[in-house]
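Take a look at the letters that make up each chain.
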Amino acid sequence: ADFFLLTTMARKSVAAVGAAAALAAPAFLLPSVEAPSRAVSHEATVQQPILNTAGSLRHTNCVAVAVGLGAAAATARRTKKAPRASLVVRQAEGRLLRPRDRTDGHGWVKEDPDFNAADESAVSATHTIELKKRPSGIKRYTHGMDGKGAMVMDMNEKARYPGDPIGQAAVAGVKKGYVVKSVNGTDVRNWDFEDIMDLLEDFIPDPDVQSTAAFKGGAQRVRKHQQVPFPVTIEYVEMKPMEKSAAAAPAAPPGAWMPRLSGWSDEDLMKERQRAMAMPEPAPGYNGPRYTKAADIDDAWLQRLKQFQQTGGLIPKKDAYLLVLDVIAQLKSEQTMNRVQVGPGQKLTVFGDLHGQYFDFMNILNMAGMPSPNTPFLFNGDFVDRGSWSIEVIILIFAMKMKNPNAVFMNRGNHEMLEANMIYGFAGETGAKYDLDLFNLFSESFRNLPLLHLINNEVLVVHAGIPGPRPRVWLPGQTHDPEDAVPVNARATTLAEIASVDRYTELTPNSYKEAVDSAPRTEEKWETDSRMIIDFLWSDPRGGAGYGPSYRKSRGVFMFGPDVTAQFCRENNINLVIRSHEVKAEGWLKDHDTLMSVFSAPNYLDTGGNKGAFLQLTPGPDGKLQATPTSYTAVPHPDLPPMYHQNYIVNNHPHLTRQMRKKQVAQADDFGDSDFAGYQGPDEWEEVDAGATLNAMSS
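As the structure is a prediction and not an experimental result, all values here were calculated from the model. (Residues numbered from 1 in each chain as written. Predicted model: local features only at pLDDT ≥ 70, side-chain atom pairs only at ≥ 80, totals over all residues. Heavy atoms only, no water.)

J.: Whenever I open this one, the overall build of the protein confuses me. Can you help?
T.: Of regular secondary structure, the protein possesses 18 helices and 27 strands. Here the protein, with 699 residues, has 61% of them falling under the buried criterion. (Helix = DSSP H or I, 4+ residues; strand = E, 2+ residues; numbered from the N terminus. Buried < 20%, exposed > 50% of the residue type's maximum accessible area, 1.4 Å probe, protein only.)

J.: Where do I start with the sheet that holds strand E16 (residues 452-455) in this structure?
T.: Backbone hydrogen bonds are what pair the strands of a sheet, in a parallel or an antiparallel way. Pairing in this open sheet of six strands is mixed, and the strands run E12-E16-E17-E21-E23-E22 from one edge to the other. Strand pairing shows two members of the sheet lacking a second neighbour, strand E12 (337-340) and strand E22 (588-592), which therefore form its edges. The sheet shows a mean angle of 20° between the axes of neighbouring strands, taken without regard to direction. Two elements, strand E21 (residues 576-579) and strand E23 (residues 595-598), share three bridges in a ladder whose sense is parallel. What sits directly across from Val577, in E23, is Leu595. (Pairing = 2+ DSSP bridges. Axes fitted to C-alpha atoms, helices over the stretch in contact; angles between N-to-C directions.)

J.: Whenever I open this one, helix H11 (residues 426-433) confuses me. Can you help?
T.: Residues separated by three or four positions in an α-helix point in the same direction, a consequence of the helix having 3.6 residues per turn. Of all eight residues in H11, eight are buried; the element is thus mostly enclosed. When H11 is considered as a whole, its buried residues turn out to be Phe426, Ala427, Gly428, Glu429, Thr430, Gly431, Ala432 and Lys433. Against helix H9 (390-403), helix H10 (418-424), helix H12 (436-447) and helix H17 (647-652) lie the buried residues of H11. (Contact = heavy atoms within 4.5 Å.)

J.: What is the right way to read the packing of helix H7 (residues 317-332) against H9 from this model?
T.: Two quantities define a packed helix pair, namely the angle between the helix axes and the distance between the axes. Relative orientation of the contacting elements H7 and H9 amounts to 55°, with a least axis distance of 10 Å. When the axis of H7 is compared with that of H9, the two are oblique. The crossing of H7 and H9 is left-handed. For the pair H7 and H9, contact is made by Ala320, Leu323, Val324, Asp326, Val327, Gln330 and Leu331 and by Ile395, Phe398, Ala399, Lys401 and Met402, respectively. Residues that form the contact of H7 with H9 fall into these classes: nine nonpolar, one polar and two charged. (Parallel < 35°, antiparallel > 145°, perpendicular 65-115°, else oblique. Left-handed = near helix turned anticlockwise from the far one by under 90°. Nonpolar A, V, L, I, M, F, W, Y, C, P; charged D, E, K, R; others polar.)

J.: I tried to follow the pairing of E23 on my own but got confused; where do I start?
T.: Looking down a regular strand, the side chains alternate between one sheet face and the other. Taking every second residue as pointing to the same face, both faces of E23 are buried, with Leu595 and Ser597 on one and Met596 and Val598 on the other. In the sheet, E22 pairs with E23 via four bridges, with the strands oriented antiparallel. Within E23, the position partnered with His592 by the bridge is Leu595. A loop of two residues connects E22 with E23, the two strands running antiparallel in sequence.

J.: So what exactly am I meant to see when it comes to H9 here?
T.: Over its 14 residues, H9 extends 20 Å from the first C-alpha to the last, a length consistent with the 20 Å expected when each residue adds 1.5 Å. Among the 14 residues of H9, 13 are classified as buried, and the element is accordingly described as predominantly covered. (Expected span 1.5 Å × (residues − 1).)

J.: Looking at this structure, how should I read the pairing of E21?
T.: Burial along E21 is two-sided: Leu576 and Ile578 and Val577 and Arg579, pointing in opposite directions, are all buried. One ladder, built from three bridges, connects strand E17 (residues 459-462) with E21; its direction is parallel. Bridge pairing in E21 links Val461 to Ile578.

J.: What's the story with the sheet that holds strand E19 (residues 547-549) in this structure? I'm lost.
T.: Here three strands make up an open sheet; going across it, the order is E18-E20-E19 and the pairing mixed. Only two strands of the sheet have a single neighbouring strand rather than two, namely strand E18 (540-541) and E19.

J.: Hey, could you run me through the nonpolar core in this one?
T.: Grouped burial of nonpolar side chains is what soluble globular proteins tend to show. In terms of nonpolar packing, the biggest core is built from 67 residues, with Phe361, Phe379 and Phe442 touching the most fellow members. Ranked by residue count, the leading element in this core is H9, at 10 residues. Beyond its immediate sequence surroundings of up to four residues, Phe379 is in contact with Phe351, Leu354, Phe361, Ile397, Met400, Val408, Phe409, Met410 and Asn411. (Core = buried A, V, L, I, M, F, W, Y, C linked by side-chain atoms within 4.5 Å.)

J.: Any chance you could explain the pattern of salt bridges here in plain terms?
T.: Note that side chains of opposite charge can pair when their charged atoms are close. Within this structure, the stated rule accounts for 41 salt bridges. For Lys584, the salt bridge identified is with Glu582, shortest N-O distance 3.3 Å. The burial state of Lys584 is the same as that of Glu582; both residues are buried. For Lys590, the salt bridge identified is with Asp593, shortest N-O distance 3.7 Å. Take Lys590: its relative accessible area is 24%, and that puts it in the partly exposed class. Of the residues examined, Asp593 reaches a relative accessible area of 60% and is grouped as exposed. (Salt bridge = Lys/Arg side-chain N within 4 Å of Asp/Glu carboxyl O.)

J.: What am I meant to see in empty space enclosed by the protein here?
T.: Any empty space left between the atoms is revealed when a probe the size of a water molecule rolls over them. Within this model, the largest cavity holds a volume of roughly 170 Å³. Lining the largest cavity are 21 residues; nearest its centre among them are Gln357, Asp360, Trp389, Asp606 and His637. Considering only residue class, the lining of the largest cavity consists of 11 nonpolar, six polar and four charged. By volume, the second largest cavity is sized at about 60 Å³. In this structure, the second largest cavity is lined by Pro467, Gly468, Pro469, Arg470, Arg472, Glu523, Thr528, Arg531, Met532 and Asp535. Residues belonging to the lining of the second largest cavity are distributed by class as follows: three nonpolar, two polar and five charged. (1 Å grid on protein atoms, 1.4 Å probe; cavity = no way out; pocket = protein on both sides within 12 Å on 5 of 7 lines; lining within 4 Å. Points joined across faces, edges and corners; volume = space filled by probe spheres on them.)

J.: What exactly am I supposed to notice about unusual backbone geometry here?
T.: Working note: non-glycine residues mostly have negative phi, and peptide bonds are mostly trans. With an omega dihedral of -15°, the bond running from Arg134 to Pro135 counts as a cis peptide bond. With respect to the helices, strands and loops of the structure, Pro135 is situated in the loop between strand E6 (123-131) and strand E7 (138-142). For the bond from Phe230 to Pro231, the omega torsion is 5°, close enough to zero to count as cis. Within the secondary structure layout, Pro231 lies in the loop between helix H4 (207-211) and strand E11 (232-239). Even without being a glycine, His355 presents a positive backbone phi close to 50°. Its location among the elements puts His355 in the loop between strand E13 (348-351) and helix H8 (358-368). One non-glycine residue, Asn573, lies in positive phi territory at about 55°. Examined against the element boundaries, Asn573 turns out to sit in the loop between helix H16 (562-572) and E21.

So this is what it looks like as structure tokens:
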């Protein structure tokens, strides 16, 4: 059976967003020649304690040539590096084309259809409509191919009362799917989307869009057209759907490797340990550290590992298997919500997303030191994927965990999931550096990770967010307009309910669709558990009240407002929630009065321009925990682009790939599933033929 979508990417150019395929798998961790630096400074800024947790403010169709490459992929050899082709995508003078990056809510999201506004042969009907005043009730236009044209994608489909101003578009006859042909007689079909939006300037103000302004906003573009006065005459056309050219992945050959979707029993793990023990010893001349058991690791061992990794070394495959097996055993003894106590004179450091940025991780450890009983560490998910040194990052974290199991803590993030790891690089990197059976074992370790940590019974640390609405009802067409918000729950989910969640699971694409109902009903516990896991791994804060839809997934994931956070903290008698999951310009942000984000991967994807940060929690004079952020910039790293090792999958396991395409949008995040703050982004990659998914594998 075909598996689900996989992507490989080359880095963006300075001038434009690009996507490319690197057809050869990596031969070495580091290039044999010195690579140019990607960053020039790495100074750190330590802030004063920002928050006493009692609440007082203290201070302060580009095509992803990536998957289903067919004959080209089949003929590529791991030992030869094929040239990378790139497609340059037009920039739109600094203004982004996604709803969360714009102040008017217009822009493209994943589910939008392709269209070519200038294709006369696709026109099936023409309609001339007069709109009398702004706003007309059209909530979102999307753009077509190459960022051209404008199609109605969301609107008020009826008037609320006679003369309702935001119902006038519907009353006049505008329908979803209509494409703007002309405005007051001027043909705009070949215009850039942003220029058409400037001309119309027709939108419903959305406070939530304003409150979560784009992380990468930057300078405003030069406006070419002033808004037309209303009334305005707009000529719309209806267009036939564009055909999609399907390109299925090659069939899996007999005996081909497939990811393990079933759980591991104790007997399975024992057999895997026996298999690991029988693996060959490292080749003569190996000079790195060896791992046979947790007692092997001391401070000198960890220092030796770091030095070895920085020169391109990998611990032997046998040792890697034994380490992961021991971590699984340790994690199985922990809880869904671990409780940690930080006493006087102690300091807990919380790290956000690391995403395989190993050399930045080394810089972080130089600043924060190493974990110990008095200086424990908490890694808040997304250790792997995206960056090309995820193996080095996770091996080091696991080694620190085994040395000090009660001083190193980990939460699961959305990138400690099989679905994400197969797409965003960790599976390919594990296969390139070890083998894919070890990836199966890593997946088992991730399924056993805790989801939350409660510090001193007053600070809750979770990767993404807090529990979503109850009942969890799907509201088609719900927007970010505060009037559309789902109100706060009648009562907050309790910490006891959270602690009872069965965390041992893998989410599939269907999990998100099934995480909402068409009408209120009583959930079974496994359903409640699955839905809370989605919240813990995927949700985001927003500026508006209540719950609203997320752009990360088409359904099943929610954003939560400050009133939701306040209720949750108040009813659970906690003072602060710390989460990660989103890029922040300074590496951290106080999103709500009792909610802070921390993101530890600076210059994310080598293009983000953001700082990274970590938070340190220490008891203050009143005994309440204080959160002190430290920000820093990126350090140089060897010249490998993000997700470089995903080429291993493309070249060696094409049956696991699906052909993907990417919308050609200006300054877009290359990798979809965006972590950029202010843009909770749709997965901007979509399958050309979306028939084969993880759901098919698991059915």
